[in-house]
Amino acid sequence: MAEITHSTALNTALSQLQSTVKLLKLDDNDWRTLSTPRRVLEVAVPLRRDNGSVEMYKGYRVQYSTTRGPAKGGIRFHPEVDMNETIALAMLMTWKCALTNLPYGGAKGGIAVDIQNLSLSENERLTRRYTSEILPIIGPERDIPAPDVGTDERNMAWMMDTYSVNAGFSVPGVVTGKPIVLGGSLGRNSATGDGVGIAVKEALRVKNIDPKGATVVIQGFGKVGYWAGVACESLGMKVLAVSDVHGGVTGFRSVNDLWKHFQEHGNLNAPGTEKMTNTELLHLSCDVLVPAALSDALNAETAQGVQAKIIVEGANAPTTPEADAIFKDKGILVVPDILANAGGVIVSYFEWVQDKQNFFWNIDEVKENLNNILTRSIKEVESTSLQYKVSWRDAAMMIGVGRVAEAHKLRGLYP
Ligand code: NAD
């Protein structure tokens, strides 16, 4: 197999795939098929700013795989978005959908932009122009985007509208994570965090720790981090500290109290809280650490000081292979991203199914089905890990990659 030289996120993803290909005893043909993205689109996204000046941004959409169904994956607006990172994240989506047995391939997209510097109307124009540039390759049967870092249900509404205006009729199934009134699903907002909560509960069971009174630290207080905190509190756990890009805080009464302050003031410095750096937060003594911000947060430098007994990866690719090795030595149970944060794509799948059928479920059905699919996937990973004596990450990858490899073989190679 060829030597890998790429950016960190892609390096991590390829090196995990390489180990999995070895564990599954797949051959070089399989490696070449599995390690190559199927469609990579780079687009220029011109934006007329409110002051009349025109700026150009780079946008991407990567369809890593469509072997098991339409491509599926989020849209990220962040200054560090680039082609290699988008490929890496699209690859992870492929294994995640296969691991949870959703009838999807994997995709990811985004724009390299600091969205904080744009007004609401600039954000709308940028989203609509990006959608129109990637329009030829998306659609409910081809590729279904969703929110990710820097995008939310408002962006999904604009994407759905841009696609629908071009089609000439309403196409709600082209994106997931939409507002409820446009065909969104109940429970989608909290789904990824709810899933992190389910993963935390199962990991505590494996480690024989009672959730009541167990402690959790969360890096990142966005869509995933906030709802993960709410889910952990509902298990009876104490959320010790959370952080955002500016650093962490401890000493708040509840996650909801802090969220209220954050909504009103745009910062985490609620009265009575104490500040800390993001690195200090990662090194707090706790039962569970949930990285829910960006890639590579846990690396060779930060991993050594981690004291948690369990790490549940809310973010995508938060742990580098070097950090993974350190956690293995320390006996820390790592619940990998493709399992721990799969709640989002599982409820996105429910949204797509509801849109296709024009028949909408109540919240209890959504939560019950999410719990069933995710708990089943966690049990499969646990038993594969015991059977092959491998980490949960290796076990999850073996199931996900194994399913894609099998689908490739059964479909055959055209022509
Ligand atoms: P978000 O934009 O809502 O929140 C991101 C949070 O991370 C913010 O609080 C931000 O301040 C913080 N942050 C950014 N840079 C940071 C840094 N250097 N240090 C500490 N905190 C930092 O994004 P999100 O949707 O919550 O996504 C978070 C992670 O979860 C990403 O890796 C994303 O790919 C992954 N994910 C999201 C979903 C979803 O449904 N939204 C699903 C699966 C995985």
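Now for a description of the structure that goes with this document. (Residues numbered from 1 in each chain as written. Predicted model: local features only at pLDDT ≥ 70, side-chain atom pairs only at ≥ 80, totals over all residues. Heavy atoms only, no water.)

**Regarding the layout of surface pockets**
By volume, the second largest pocket amounts to about 490 Å³. Lining the second largest pocket are 19 residues, and of these Asp-324, Lys-328, Ser-391, Arg-393 and Asp-394 lie nearest its centre. Looking at the lining of the second largest pocket, the elements that each hand over two or more residues are helix 1 (8–23), helix 11 (321–330), strand 12 (333–335) and helix 15 (392–411). A total of five residues in the lining of the second largest pocket trace back to one element, the largest contributor, which is helix 11. Residues that form the lining of the second largest pocket fall into these classes: eight nonpolar, six polar and five charged. (1 Å grid on protein atoms, 1.4 Å probe; cavity = no way out; pocket = protein on both sides within 12 Å on 5 of 7 lines; lining within 4 Å. Points joined across faces, edges and corners; volume = space filled by probe spheres on them. Helix = DSSP H or I, 4+ residues; strand = E, 2+ residues; numbered from the N terminus. Nonpolar A, V, L, I, M, F, W, Y, C, P; charged D, E, K, R; others polar.)

**Re the site of the ligand**
Taken together, 22 residues form the shell around the ligand, and within it Arg-76, Asp-148, Thr-192, Val-224 and Asn-316 come nearest. A distance of 3.5 Å separates an oxygen atom of the ligand from a polar atom in the side chain of Arg-188. Across the complex, the protein chains shield 83% of the 840 Å² of accessible surface that the ligand would expose by itself. Secondary structure elements with two or more residues in the shell around the ligand: helix 6 (188–206) and helix 7 (223–234). Among the residues making up the shell around the ligand, the classes are represented as eight nonpolar, nine polar and five charged. (Near = heavy atom within 4 Å. Polar contact = N/O pair within 3.5 Å; in protein donor to acceptor, adjacent residues only side chain to side chain. Areas by Shrake-Rupley, 256 points an atom, 1.4 Å probe, with all protein chains shown as cover.)

**As for the sheet that holds strand 5 (residues 143–147)**
One open sheet holds the five strands; their spatial order is 1-2-4-3-5, and the pairing between them is mixed. Edge positions in the open sheet fall to strand 1 (39–48) and strand 5, since each of these has one partner strand only. Averaged over all neighbouring strand pairs, the angle between strand axes comes to 20°, with direction disregarded. Pairing between strand 1 and strand 2 (residues 54–65): ten bridges, direction antiparallel. Residue Ala-44 lies in a different strand from strand 2, and its bridge partner there is Lys-58. Strands strand 3 (71–77) and strand 5 of the sheet are contacted by helix 5 (residues 153–167), whose axis makes an angle of about 150° with strand 5. (Pairing = 2+ DSSP bridges. Axes fitted to C-alpha atoms, helices over the stretch in contact; angles between N-to-C directions. Contact = heavy atoms within 4.5 Å.)

**Considering the sheet that holds strand 12**
Strand order in the open sheet formed by seven strands is 9-8-7-6-10-11-12, with mixed pairing between adjacent strands. Every interior strand has two partners, whereas the edge strands, strand 9 (274–276) and strand 12, have only one. Neighbour-to-neighbour, the strand axes of this sheet turn through a mean angle of 20°, independent of strand direction. Bridge analysis of strand 10 (residues 288–291) against strand 11 (residues 310–312) gives two bridges, and the strand direction is parallel. Directly across from Leu-289, in strand 11, lies its bridge partner Ile-311. Helix 6 contacts strand 10, strand 11 and strand 12 of the sheet and is inclined by roughly 160° relative to strand 11. Contacts from helix 7 reach strand 6 (215–219) and strand 7 (238–244), with the element oriented near 175° to strand 6.

**Thoughts on the pattern of salt bridges**
Applying the stated criterion to the full structure yields 24 salt bridges. Overlapping salt bridges bring together Arg-76, Glu-85, Lys-108 and Asp-148 as one network. (Salt bridge = Lys/Arg side-chain N within 4 Å of Asp/Glu carboxyl O.)

**Quick word on the environment of Ala-317**
Looking at the secondary structure, you find Ala-317 in the loop between strand 11 and helix 11. With 278 residues separating them along the chain, Ala-317 and Arg-39 place their C-alpha atoms 21 Å apart. The residues touching Ala-317, leaving out its near neighbours within four places in the chain, are Leu-92, Ser-295, Asp-296 and Asp-337.

**A closer look at a nonpolar patch on the surface**
The grouping of Ile-180, Leu-186 and Ile-363 at the surface amounts to a nonpolar patch, some 230 Å² of accessible area in total. Here Ile-180 shows up in the loop between helix 5 and helix 6. Given a relative accessible area of 47%, Ile-180 falls into the partly exposed group. (Patch = residues over 30% accessible without salt bridge, like charges linked within 9 Å, V, L, I, M, F, W, Y side chains within 5 Å. Buried < 20%, exposed > 50% of the residue type's maximum accessible area, 1.4 Å probe, protein only.)

**Focus: the packing of helix 1 against helix 15**
It is the contact of helix 1 with helix 15, at a shortest axis distance of 9 Å, that shows an interaxial angle of 75°. As far as their axial angle goes, helix 15 and helix 1 are roughly perpendicular. Along the contact surface, helix 1 presents Gln-16, Leu-17, Thr-20 and Leu-23, while helix 15 presents Arg-393, Asp-394, Met-397, Met-398 and Val-401. Its residues assigned to classes, the contact of helix 1 with helix 15 shows five nonpolar, two polar and two charged. (Parallel < 35°, antiparallel > 145°, perpendicular 65-115°, else oblique.)

**Quick word on the packing of aromatic side chains**
For the structure on display, the rule yields twelve aromatic pairs. Taken together, Tyr-104, Tyr-349, Phe-350, Trp-352 and Trp-361 form an aromatic cluster joined through their ring pairs. (Phe/Tyr/Trp six-rings, centres within 6.5 Å; stacked < 30°, edge-to-face > 60°.)

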